[in-house]
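# Breakdown of the fold
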Amino acid sequence: MLKKLLVLLVLPLLLIPFLCGCQKNSDKTVLTFSSWGSVTETQILENVIKNYENDNPNIKINFLHVPQNYFQKVHLLFASNQAPDVIFINNLYLPVYASKLLDLSDWQNLDDFYPESIKAMSYENKLLAIPRDVSTLVFYRNKTLIPQKPQNLEELINSISKSKNFGISCERNVYYMLPYILTFGEDIYNPQQSLEFYRSLEDKYAPKPSEIGSSTLAQMFLAGKIGLYLSGRWLYPKIKESANFDWDVITFPGIVPLDASGWAISKESHNIEEAKKFVAYLSSEDTIKYFTQTGLIVPARIDVSKTIDNKVFLDAIKKSKAINYGKDYRKKTDEMNKKLF
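Described below are features of the structure shown in this document. Since this is a predicted model, take the numbers as computed values, not measurements.

Their axes nearest at 10 Å, the elements helix α2 (residues 39–55) and helix α13 (residues 285–292) cross at an angle of 155°. Here α13 runs roughly antiparallel to α2, going by the angle between their axes. Every pair of crossing elements has a handedness; the one defined by α2 and α13 is right-handed. Only T287, Y290 and F291 of α13 make contact with α2, whose side of the interface consists of I44, L45, N47 and V48. The residue inventory of the contact of α2 with α13, partitioned by class, reads five nonpolar, two polar and no charged.

What follows is the structure, encoded as structure tokens:
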């Protein structure tokens, strides 16, 4: 009863800017498009939308930008049968909404995308979103502290044990433990050897919470206190701008998880064909190249990936594995984080 009351109270406020997924605005078809994103990403999206509307004067894109609690709001919209026509989504939440998304398995030119990105955007043998970008974990390396690139976990231990400062970062979050779980070949929800290995890394070579204090591990790396910092492409612009020591990016010496984000279409949309045309535009070579120029993403399109300034992120894709997390990923990992850390 409380859940229903919450929906009734919150939903009208949420829907003030737009009243339905697809409307008629004068002689124009209105498509609602939802996405999260930073200020930079939002500006890019607004420019892309403006260009699309200029090329398609019969279409109006109602852009729903949700910077926080994105999937909570998307969930409310689905619950009220008011889902956006086009929904930006990632592979972690894809299984949750799988039954409500259009099957895009017959999409043309899927060979333009990295196969692992297609796997990530698929669930139960159905492609449910066209990928925009892929995300993998890499090591940012302080070359003074870690002179050699480790090729396996044994070499990793050898390298970080010789560091004059903290050898490695160990986030207290299951997501950052996934490369070790995959490399050990274990069930992501039942790690044993990899958990023991990860705890050993933290105990011997990584800063503990009391040593991190009010800082972040990223800040400690930039301060020259950590030899190997595990993170993603999203941190590259910041490190490139701020690091004042000799550094580079290297692949993790094992298997890393590959995540992806992309555009899905609601089955509830009243204008499926218009939504498909918009997604085709969003996922086109020119548009993805525009997104990539910011340096914030690794494109899922193979042709655009050739423009990336650091090829290590592409090498990481080759050493990655798309995981089927299932519908209970958030619940299970929350439980694991509380239990393990």
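Right, let's talk about helix α8 (residues 193–205) for a bit. In a regular helix each residue adds 1.5 Å, so 13 residues correspond to 18 Å; α8 covers 18 Å between its end C-alpha atoms and thus fits that length. Every buried residue of α8 is accounted for by S194, L195, F197, Y198, L201, E202 and Y205. The buried residues of α8 all sit within an arc of 165° when viewed along its axis, so they share a single face. In α8, the exposed positions that point more than 90 degrees away from the buried face belong to E196 and K204. Where α8 is buried, its residues meet α6 (153–161), β9 (166–168), α7 (174–184), α9 (209–212) and α16 (329–340).

Rules used in this analysis
- Residues numbered from 1 in each chain as written.
- Predicted model: local features only at pLDDT ≥ 70, side-chain atom pairs only at ≥ 80, totals over all residues.
- Heavy atoms only, no water.
- Axes fitted to C-alpha atoms, helices over the stretch in contact; angles between N-to-C directions.
- Helix = DSSP H or I, 4+ residues; strand = E, 2+ residues; numbered from the N terminus.
- Parallel < 35°, antiparallel > 145°, perpendicular 65-115°, else oblique.
- Left-handed = near helix turned anticlockwise from the far one by under 90°.
- Contact = heavy atoms within 4.5 Å.
- Nonpolar A, V, L, I, M, F, W, Y, C, P; charged D, E, K, R; others polar.
- Expected span 1.5 Å × (residues − 1).
- Buried < 20%, exposed > 50% of the residue type's maximum accessible area, 1.4 Å probe, protein only.
- Arc of directions from axis to C-beta.

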